[in-house]
Amino acid sequence: VMQPISIPGVPDDYHPSQGWRPLPHHLSKQEIWQRIRQEAKADADAEPTLASFLYSSILGHSSFEKSLNFILANKLASPTLYSTQLVKIIEDCFKEEPSIVEAALADMQACFDRDPACDKYTQCLLYFKGFQAIQCHRIAHHLWGKGRKMLAVALQSRISEAFHVDIHPAATFGRGILLDHATGVVVGETAVVGDNVSMLHHVTLGGSGTGKGIRHPTIGHGVLLGAGVSVLGNVTVGCGAKVGAGSVVVSDLPCHSVAVGVPARIVKQGSRSE
Amino acid sequence: VMQPISIPGVPDDYHPSQGWRPLPHHLSKQEIWQRIRQEAKADADAEPTLASFLYSSILGHSSFEKSLNFILANKLASPTLYSTQLVKIIEDCFKEEPSIVEAALADMQACFDRDPACDKYTQCLLYFKGFQAIQCHRIAHHLWGKGRKMLAVALQSRISEAFHVDIHPAATFGRGILLDHATGVVVGETAVVGDNVSMLHHVTLGGSGTGKGIRHPTIGHGVLLGAGVSVLGNVTVGCGAKVGAGSVVVSDLPCHSVAVGVPARIVKQGSRSE
Amino acid sequence: VMQPISIPGVPDDYHPSQGWRPLPHHLSKQEIWQRIRQEAKADADAEPTLASFLYSSILGHSSFEKSLNFILANKLASPTLYSTQLVKIIEDCFKEEPSIVEAALADMQACFDRDPACDKYTQCLLYFKGFQAIQCHRIAHHLWGKGRKMLAVALQSRISEAFHVDIHPAATFGRGILLDHATGVVVGETAVVGDNVSMLHHVTLGGSGTGKGIRHPTIGHGVLLGAGVSVLGNVTVGCGAKVGAGSVVVSDLPCHSVAVGVPARIVKQGSRSE
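Source: prediction; values computed, not measured.

What counts and how
- Residues numbered from 1 in each chain as written.
- Chains lettered and ligands numbered in written order.
- Predicted model: local features only at pLDDT ≥ 70, side-chain atom pairs only at ≥ 80, totals over all residues.
- Heavy atoms only, no water.
- Axes fitted to C-alpha atoms, helices over the stretch in contact; angles between N-to-C directions.
- Helix = DSSP H or I, 4+ residues; strand = E, 2+ residues; numbered from the N terminus.
- Parallel < 35°, antiparallel > 145°, perpendicular 65-115°, else oblique.
- Left-handed = near helix turned anticlockwise from the far one by under 90°.
- Contact = heavy atoms within 4.5 Å.
- Nonpolar A, V, L, I, M, F, W, Y, C, P; charged D, E, K, R; others polar.
- Least-squares fit on C-alpha atoms with pLDDT ≥ 70 in both.
- Buried < 20%, exposed > 50% of the residue type's maximum accessible area, 1.4 Å probe, protein only.
- Arc of directions from axis to C-beta.
- Domains from an automatic or database assignment.
- Buried area = accessible area lost by both parts, 1.4 Å probe.
- Salt bridge = Lys/Arg side-chain N within 4 Å of Asp/Glu carboxyl O.
- Polar contact = N/O pair within 3.5 Å; in protein donor to acceptor, adjacent residues only side chain to side chain.
- Phe/Tyr/Trp six-rings, centres within 6.5 Å; stacked < 30°, edge-to-face > 60°.
- Pairing = 2+ DSSP bridges.
- Expected span 1.5 Å × (residues − 1).

Q: Which residues make up the packing of helix α3 (residues 64–76) of chain B against helix α4 (residues 83–96) of chain B, and what values go with them?
A: Residues and elements named next belong to chain B. Relative to each other, α3 and α4 sit at 140 degrees, their axes nearing to 9 Å. Between α3 and α4, the interaxial angle falls into the category oblique. Judged by the sense of rotation from one axis to the other, the crossing of α3 with α4 is right-handed. Contacts from Glu65, Leu68, Asn69, Leu72, Ala73 and Leu76 of α3 reach α4 at Ser83, Leu86, Val87, Ile90, Glu91 and Phe94. A per-class count over the contact of α3 with α4 returns eight nonpolar, two polar and two charged.

Q: Just give me the short version of the relation of the copies chain A and chain C, but keep the residues and values in it.
A: For the match of chain A to chain C, the screw axis carries a shift of 0.0 Å, the RMSD comes to 0.0 Å, and the turn is 120 degrees. Within this description, the copies of the chain are treated as partners about a three-fold rotation axis. The two copies present different faces, since only 11% of the interface residues in chain A are matched by interface residues at the equivalent positions in chain C.

Q: Explain helix α2 (residues 51–59) of chain C to me, using residue names and the numbers behind them.
A: All names here are of chain C. Burial in α2 covers these residues: Phe53, Leu54, Ser57, Ile58 and Leu59. Around the axis of α2, the buried residues are gathered within 150 degrees of arc, so they sit on the same side. Looking at the buried residues of α2, the elements they touch are α1 (29–46), α3 (64–76) and α6 (121–127).

Q: Provide a residue-level description of the domain arrangement of chain A, including the pertinent values.
A: Residue and element names in this part refer to chain A. We note that the domain assignment places domain 1 (27–164) and domain 2 (171–274) within chain A. Listed per partner, the contact involves 17 residues of domain 1 and 19 residues of domain 2. Interface area for domain 1 against domain 2, summed over the two sides, is near 1,400 Å², with a carbon-plus-sulfur share of 52%. By the criterion of area lost to domain 2, the three top residues of domain 1 are Arg114, Ile134 and His164, representing 32% of everything that side buries. Taken together, domain 1 and domain 2 are joined by one salt bridge. Close ionic contact of glutamate 102 with arginine 175 constitutes a salt bridge, the shortest N to O distance being 3.5 Å. For the pair domain 1 and domain 2, the interface holds twelve residue pairs in polar contact (both at pLDDT 80 or more).

Q: Explain the packing of aromatic side chains residue by residue, including any values.
A: Aromatic rings considered in pairs are described by the distance between their centres and by the relative angle of their planes. Applying the stated criterion across every chain yields a total of six aromatic pairs over all chains. Here the aromatic rings of phenylalanine 53 of chain B and tyrosine 127 of chain B are separated by 6.3 Å at their centres, their planes lie at 35 degrees, and the arrangement is tilted. Separated by 74 residues along the polypeptide, phenylalanine 53 of chain B in helix α2 (residues 51–59) and tyrosine 127 of chain B in helix α6 (residues 121–127) bring together distant segments of the chain. For phenylalanine 53 of chain B, a relative accessible area of 10% puts it in the buried group. Of the residues examined, tyrosine 127 of chain B reaches a relative accessible area of 6% and is grouped as buried. Centre to centre, the rings of phenylalanine 112 of chain C and tyrosine 121 of chain C are 4.4 Å apart; their planes meet at 0 degrees, and the pair counts as stacked.

Q: With reference to specific residues and values, describe the environment of lysine 242 of chain A.
A: Position of lysine 242 of chain A among the secondary structure elements: in strand β12 (residues 242–243). Through-space distance from the C-alpha of lysine 242 of chain A to that of isoleucine 266 of chain A is 9.7 Å; in sequence the pair is 24 residues apart.

Q: Go over the pairing of strand β15 (residues 265–268) of chain C with me, naming the residues and quoting the values.
A: Residue and element names in this part refer to chain C. With three bridges connecting them, strand β14 (residues 258–260) and β15 associate as antiparallel partners. From the neighbouring strand, valine 260 faces β15, where its bridge partner is arginine 265. Turn length for the β14-β15 hairpin, with the two strands adjacent in sequence and antiparallel, is four residues, and the turn residue glycine 261 shows positive phi of about 110 degrees.

Q: Give me the lowdown on helix α4 (residues 83–96) of chain A, citing residues and values where you can.
A: Since there are 3.6 residues in each turn of an α-helix, residues three or four apart along the chain are aligned in direction. Residues and elements named next belong to chain A. Spanning 14 residues, α4 covers 20 Å between terminal C-alpha atoms, matching the ideal 20 Å at 1.5 Å per step. When α4 is considered as a whole, its buried residues turn out to be Leu86, Ile89, Ile90, Cys93 and Phe94. Along the axis of α4, the buried residues cluster in a sector spanning 130 degrees; they form a single face. The outward face of α4, more than 90 degrees from its buried face, is lined by the exposed residues Thr84 and Lys95. Looking at the buried positions of α4, the neighbouring elements they touch are α3 (64–76), α5 (99–114), α7 (129–145) and α8 (149–163).

Q: Give a description of the sheet that holds strand β1 (residues 166–167) of chain B that names residues and reports values.
A: Residues and elements named next belong to chain B. Judged by pairing direction, the sheet is parallel, and its five strands sit side by side in the order β1-β4-β7-β10-β13 without closing on themselves. The open sheet terminates on both sides in strands that have one partner only, identified here as β1 and β13 (248–249). Where β1 lies against strand β4 (residues 186–187), two bridges are found, and the strand directions are parallel. What sits directly across from aspartate 166, in β4, is valine 186.

Q: Provide a residue-level description of unusual backbone geometry, including the pertinent values.
A: Note: most residues except glycine have negative phi, and most peptide bonds are trans. Residues valine 262 of chain A and proline 263 of chain A are joined by a peptide bond in cis, for which omega reads -5 degrees. Examined against the element boundaries, proline 263 of chain A turns out to sit in the loop between β14 (258–260) and β15 (265–268).

Q: Explain the interface of chain A and chain C residue by residue, including any values.
A: The interface is formed by 27 residues belonging to chain A together with 24 residues belonging to chain C. When chain A packs against chain C, close to 2,300 Å² is buried across both sides, 61% of that on carbon and sulfur atoms. When the buried area of chain A at its contact with chain C is split by residue, Thr80, Met150 and Glu161 of chain A rank highest and sum to 26% of it. Summed over the shared surface of chain A and chain C, the result is two salt bridges. The salt bridge involving lysine 75 of chain C is made with glutamate 161 of chain A; its shortest N-O contact spans 2.5 Å. Scanning the region where chain A abuts chain C turns up nine residue pairs in polar contact (both at pLDDT 80 or more). Broken down by secondary-structure element, the contributors of at least two residues to the side of chain A that touches chain C are α4, α8 and β10 (230–232) of chain A. Of the residues belonging to the side of chain A that touches chain C, the class tally is eleven nonpolar, eleven polar and five charged.

Laid out in structure tokens, this is it:
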């Protein structure tokens, strides 16, 4: 029994499993940036201990891009790459591929919409390592695509050190991604992740075999992978499917199904009402 | 067949599942601090490489509180909050809520009693990230309770970065907690953890649903959660229960039971002799 | 049906489960060091952003040992032990126990041979935290063996902080070890790991009970442990066995068997052709 979500201004048959799109309550880039600044201003007033940090990270910047760049560069800074080098690398990426910034905005909306512990945009931007890790991955992915593979690998390594999230730079992610808690997430080289996907901590999108070609999973739009889920090999998790914590998925799952167990078995066939 | 533990000086019917209490072999705060200083002195003599670190962390301080404060502030220091700011925050917390220091002492006794790899108090204080993470959480929890929520969230984020342990500041912990190895532990907003609880690494006390109200587990006194256990939703793990590694618990477990599997099934009914 | 691997120059009946040995395509120490320098030179030319890092880590050093020492000391540096202290400690270890350097070379070959995402030696040396963690453990293990236990424990703690890998300094590892992704690996005090073992992230070689004596697993040569596998207690995983992701092993597995599940059950009896 299909019960489509009904949101004013959005066609009745829209479901997150159809991919990312701005919803009526979503903010534009300028609106988000304005909101972020308001939150930061209020927090700096209420909590002077954080004022200097909020100024250097947000209030001292003239745009969302510059603030995001500063935050990521500081997290990634290490003896391998200094923050000044990183600021330049990230600035170039944002210019060459503006969709990276748009994806970051979609990811912020996803945090705000889908993480009950998130009620401020600044929380996501400043404090969620899953959000920061995925934005850094988008930069590594762009560099990989341009053939700057060793720089991409250096970033992957530093992302793993700093955020405990190991994503191969070649892996492809859609928009509206939520990596909740994030510790221990591992995503392999040929994995493809759709829009509006939520992954809890310790999720593995792993390889099987060492052959060439696709050896990692494809995760459809709107999928939810619980804590500690492993999806292994060239399998497809269909749009809108949900996989319970601790499950191991080694074969395809149909759209909108629910699966649990080691190995995962389908406990509910596809239904859009899920 | 109930076989209560018999400890000289402790009533015959005492069991860790009744909650934390000092046992005859436990040391007072002054005795622990004396012991810590003796251990540090002996280690500084035997291993001059560590002498400067032991002096700045322990031997140079006039009390247990000051040493613990210095150690935690140095671990948490980052561009978000400098160690000088952290020392002041922690000092105020310890003054406003002295039970935080008492809980730290109970946690040290728990490490010493229940972790076979721990035979010095300094080992726990200086080197166990699970111990350090839980003390930092106690500070974040105190700040959260006072309404300083963004500072609490900033600490939660830094605890996750530094110790790979993500505990929502609102989560409530008892005394005598052992987070062994600790990597990847995640505890949600409305979780309640009793006294004398031992959790191995990768344990998740996770939410189900996004509704308001209690959406995370309650863990009774004296519970043992093995490596990689997930307990999900508003369920109760009864006092003294044990859950085997890799299990996923989605329904209540009775006191003193033993459960294993995905999903967890009870393999032994409650018995205090466990 | 046993189908031995046939490699020119290696006896037909050689299998990784017989232990580590140099294979015809393996490089000598001088050849690896030459290769590392060539890769670093080429990368520094192609990616000037990394040139300074590659010079300080590799090109500025006169030997493999000195480069490896510099890299590990920089990763481990913290207020507990400064990089200058660490360089001296590591230098002494390499002199006293040259087999540590040989094991590092065998581990590099293992990465190169068995990790499809590794096609350069520099990738392993500079960017793989699993490789770096195991080399640091070898140093902690050497110090433990010499009775410098608190220094070994300090290193264990720092390895857990820096690489999210917690290996007790007393645990024994063979050569040709691959810790792939590595986040969350935990290995207990009395564990013994053979040659040519591959472990994915979140693998636990854990204890059962708190008694004295052997309370952790023995892992035979050539074993593969998938992501999130827990092997618990004094059990033996036979040579060449494979354990599927998310499995919990609590009893012995025969050589060359394949096991999966919670608890793990054998799905394929031993066969050298696996």
